[in-house]
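Chain residues, written in single-letter form:
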Number of protein chains: 2
Amino acid sequence: MHNPHTTADLQVALRARLGDAAILTEAAAMLPYCRDWHGDVTSNAIAVLRPRSTAEVCDAVRACRELGLSIIPQGGNTGLVLGAIPDRPESQVILSLERLKAVRSLDPDDFSMVVEAGCILAEIKEVAASKGMFFPLALGAQGSCRIGGNVSTNAGGINVLRYGMTRELVLGLEVVLPDGTVFDALSTLRKDNRGVDLKQLFIGAEGTLGIVTAVALKLTPFPDRVATALLGLNSLEDVMRLYRRARRDCCDLMSAFEFMPPIAFTLAREAMPDLAMPIGGDCPVYVLMEISGSGLVDVDDLMQRFLENVLEDGLVIDGVVAASAAQARNLWLFREGMNEGQARRGTHLRTDISVQLSGLPDFVKEAEAAVATAVPDCVCVSYGHIGDGNVHLNVLPPAGLAAAERSNRIHTAKKVINAVLDRYHGSISAEHGIGRLKRADFEERLPDVQRHLLAAIKKAIDPAMVMNPGCQLNLKELS
Amino acid sequence: MHNPHTTADLQVALRARLGDAAILTEAAAMLPYCRDWHGDVTSNAIAVLRPRSTAEVCDAVRACRELGLSIIPQGGNTGLVLGAIPDRPESQVILSLERLKAVRSLDPDDFSMVVEAGCILAEIKEVAASKGMFFPLALGAQGSCRIGGNVSTNAGGINVLRYGMTRELVLGLEVVLPDGTVFDALSTLRKDNRGVDLKQLFIGAEGTLGIVTAVALKLTPFPDRVATALLGLNSLEDVMRLYRRARRDCCDLMSAFEFMPPIAFTLAREAMPDLAMPIGGDCPVYVLMEISGSGLVDVDDLMQRFLENVLEDGLVIDGVVAASAAQARNLWLFREGMNEGQARRGTHLRTDISVQLSGLPDFVKEAEAAVATAVPDCVCVSYGHIGDGNVHLNVLPPAGLAAAERSNRIHTAKKVINAVLDRYHGSISAEHGIGRLKRADFEERLPDVQRHLLAAIKKAIDPAMVMNPGCQLNLKELS
């Protein structure tokens, strides 16, 4: 499939400058880079480049340009939308940031740290914690995902309602541009209104405008006190009532507010059979709520007083408060384990939807009803970051279905869900990005004005279309 | 100065479509639009256009384009950097958004509201408060500034350390582009990762890429409890120690942390002689600190416990806590009155600097020392949003100095301050923007890579250079 001439040229161009370990071309060695957490697609590439520094990234970009190759920047490869997976492997090179792993600085007095793109999120959080500081981004993949990828996808996760998406946690960026020059905006200034804020363009661009090589991050004091509760409620409407009340009663101290259906317990225990049930499990819907703080703020007392009120009012009908960090961890295992449980039931529809907070209960009801009508043998599993209006409304085909039939069910379910979503003016990608998986659905809904702006900006920054072609937009058709 | 032919054409083109009140051409009528809060410059324009709707803004943009005129979008005209003041009045039209004043929606259950660009900030805050909600942006000009201008300048103010700059409060935008089409991204979704986030480009662009006509804003529950304290400390280093301690002890409940020199009391009382001194006034430096919350969080108790500790430790040496909203208001009058006091001492140097939080005390000391050496007869007044690393280091020439001499002092002081600032890698504009006033200082410090990116984006979105030419960058020289 590959042009051996090109591969050899690339090796000649880069081996001398970057060293042998920096370029992989054997299929077996490239395999882990050719498949993301979406899991259903395994691709290939001309080569995988593994530079060790920003200067080496520049070298790699220039070499690829000279050879007419395009570049797919890749972080921890934990994406779910094929954003860093080649779709034209005969002309695409994967550029992994995994060896840019330095913590360039950590200044607790400045509430900031500067890290290279290849740093793993969990390690960043640990390094910050070792100095009493907290980097709030938290998501399932944090043990594997890398900060450059988090920035490039504007990652969300469970703490967004308090701390914002990745965009709000970024103070500065260093980016290698498509022409191989370095855009250095790696400042830790909190306020800087010197003209158009260029770095915003690269956050969430999924590597289509340049390669994020380093990031300046906003830190907060480590919240050493965390109160966690799992609460049973009667309806999604009550979940939203509880959320509004918690926002008011607990102010900005609430750090997570996740909702789950009762099937979450079943799914989690399919993946982790030893998980002890923390609660009856027979309420129509559950909320995992967390309040956190430090210093003089007693979050345990706050949680207790809050729950007393909402139990008395009948808004919450069952509940358990974690008495220890281990118990809190156990509660979170249900939230996390339900993903693994879904995966074990085979290929299924994963959605990543956001709607207006006030429209969320009606949306979920309508979308689930539409799925029940269209594919009655499938199971809906709706859960997610409800405080942000973000719901993962997944659809699981029944066991034992042939692959083609599963695929049909998934296709039909996605179609009916998106039809409801469009009426609610919601987003088909709240936090996962577009990548290649959602490109068609994205382009189909893209107004002309936005399409022209996106194409104009792409052409302004990457006129040779070197960076991640085919991701987000099919630009050949836009020109 | 004007080409009467062009003016007549514009009148013909627009009067019929927009009505008589939509176009001003008399010098007297245009005067209020030709001078901003910077105050030292009064300009002129071909006309002032006052459309009433987004569609009329589109009409106005198209008419100006056809006649080869450029457009200066204008909000409340409270800027300090001449960002909305014509510098080539013979070819420039001011487009005021003051008649786009509708509140399009307010949904407390969605924690959002959608307002048109001409809504005055204070009125937006009042409308939100009437539904128990809070729009956190707070700044001195809030009784006059308009939200479109706040967005276009990414306004800061006193609540940034808790709620972020305007950028972080914007959920969606509607923008009339330079070609007269409408970029409609007026969604209230909290999470939406559908590709590159185009709206970010227009936030802080000072109208150089398009005209913001409506904004979707993020609301929070109204903080009905506010604890305010004025504290005296020994040094700026102690101020930073207090800040770090407050961030930890009070978590995310601290909503303001302003520092002021003792001369603030003198200056405020020069402007408001009846102001009663709330505190001795003989400490080296003062901090105005605010904690706020709602619901179950007792901010008064939190403030009291916090202050007990820091007084006991000797970090705070004097202090007063407001016992009522009226007393709190009185404390804020000193912070606000010092600006008016400075204005009464005549033309002076206003700076709007940010540096790393950890470098702030040394920066202020070095910069003040440099000023004392260079212009020994001037007085430094350093104050500001220290929790964001943002200091207004102003320099007041002595009374009775001739205008040319004042101007020399100001020029010299700015030069020596900026020289120190450059060593600290700080920003010459933390929150005020660049406009035309700071353009030369901005361009002088602009790295080539950034310059090329900014020019490329401008050309991609506004190839005819219709929008606010001369603001932020001198693009003729960039092409």
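Keep in mind that this is a model prediction, so the values were computed, not measured.

1. Side note on the sheet that holds strand β12 (residues 225–233) of chain A
Residues and elements named next belong to chain A.
Item 1. If you trace the four strands from one edge of the open sheet to the other, you get β13-β14-β12-β15, paired in antiparallel fashion. Two strands close off the open sheet at either side, each with one partner strand: β13 (254–260) and β15 (318–321). Taking the axes of each pair of neighbouring strands and ignoring which way they run, one obtains an average angle of 15° across the sheet.
Item 2. In this structure, β12 lies alongside strand β14 (residues 285–293), joined through nine bridges in antiparallel fashion. Paired with A229 across the two strands is M289, which belongs to β14.
Item 3. Its contacts with the sheet put helix α11 (residues 299–312) on β12, β14 and β15, and the angle it makes with β12 is roughly 20°.

2. Describing the relation of the copies chain B and chain A
Item 1. For these two chains of identical sequence, chain B goes onto chain A by a turn of 180° and a shift of 0.0 Å along the axis, with RMSD 0.0 Å. Considering both components of the superposition, the chain copies are consistent with a two-fold axis.
Item 2. Mapped onto chain A, 100% of the interface residues of chain B are again interface residues, and the two copies thus contact each other with one and the same surface.

3. Re the interface of chain B and chain A
Item 1. The partner chain A presents 90 residues to the 89 residues of chain B that form the contact.
Item 2. Contact between chain B and chain A buries roughly 7200 Å² in total, counting both sides, with carbon and sulfur atoms accounting for 60%.
Item 3. By the criterion of area lost to chain A, the three top residues of chain B are K191(B), N193(B) and L296(B), representing 13% of everything that side buries.
Item 4. Among the elements that line the side of chain B that touches chain A, the one with the most residues is helix α15 (residues 448–461) of chain B, at eight residues.
Item 5. Tallied by class, the residues present in the side of chain B that touches chain A amount to 39 nonpolar, 29 polar and 21 charged.

4. As for the domain arrangement of chain A
Item 1. What the domain assignment lists for chain A is domain 1 (4–96), domain 2 (103–221), domain 3 (225–341), domain 4 (353–423) and domain 5 (439–477).
Item 2. Taking only C-alpha atoms, the centre of domain 3 of chain A and the centre of domain 5 of chain A are 41 Å apart.

5. Quick notes on the pairing of strand β6 (residues 112–116) of chain B
All names here are of chain B.
Item 1. Counting buried positions over the five residues of β6 gives five, a clear majority of the element.
Item 2. Side chains S112, V114 and E116 of β6 all project onto a buried face; the interleaved residues M113 and V115 project onto the opposite face, where all are buried too.
Item 3. One ladder, built from four bridges, connects strand β5 (residues 103–107) with β6; its direction is antiparallel. Opposite D107, over in β6, you have S112 as the bridge partner.
Item 4. A loop of four residues connects β5 with β6, the two strands running antiparallel in sequence, and F111 in this loop sits at a positive phi of about 55°.

6. Focus: the pattern of salt bridges
Item 1. In this structure the tally under the stated criterion is 68 salt bridges over all chains.
Item 2. In this structure, the salt-bridge partner of R445(A) is D422(A), at a minimum N-O distance of 2.8 Å. With R445(A) in the loop between α15 (439–444) and α16 (448–461) and D422(A) in helix α14 (residues 403–423), this residue pair connects regions lying 23 residues apart in the sequence.
Item 3. Residue classification places R445(A) among the partly exposed positions, given a relative accessible area of 25%.
Item 4. Under the relative-accessibility criterion, D422(A) is labelled partly exposed at 35%.
Item 5. The closest approach of N and O atoms between D301(B) and R305(B), which form a salt bridge, is 3.1 Å. Pair noted here: D301(B) and R305(B) are both in helix α10 (residues 299–312), with a separation of four residues, about one helical turn.
Item 6. When its relative accessible area of 31% is taken as the criterion, D301(B) is described as partly exposed.
Item 7. Through salt bridges with shared partners, a single network forms among R17(A), D59(A) and R62(A).

So, how was this worked out
Residues numbered from 1 in each chain as written. Chains lettered and ligands numbered in written order. Predicted model: local features only at pLDDT ≥ 70, side-chain atom pairs only at ≥ 80, totals over all residues. Heavy atoms only, no water. Pairing = 2+ DSSP bridges. Helix = DSSP H or I, 4+ residues; strand = E, 2+ residues; numbered from the N terminus. Axes fitted to C-alpha atoms, helices over the stretch in contact; angles between N-to-C directions. Contact = heavy atoms within 4.5 Å. Least-squares fit on C-alpha atoms with pLDDT ≥ 70 in both. Buried area = accessible area lost by both parts, 1.4 Å probe. Nonpolar A, V, L, I, M, F, W, Y, C, P; charged D, E, K, R; others polar. Domains from an automatic or database assignment. Buried < 20%, exposed > 50% of the residue type's maximum accessible area, 1.4 Å probe, protein only. Salt bridge = Lys/Arg side-chain N within 4 Å of Asp/Glu carboxyl O.

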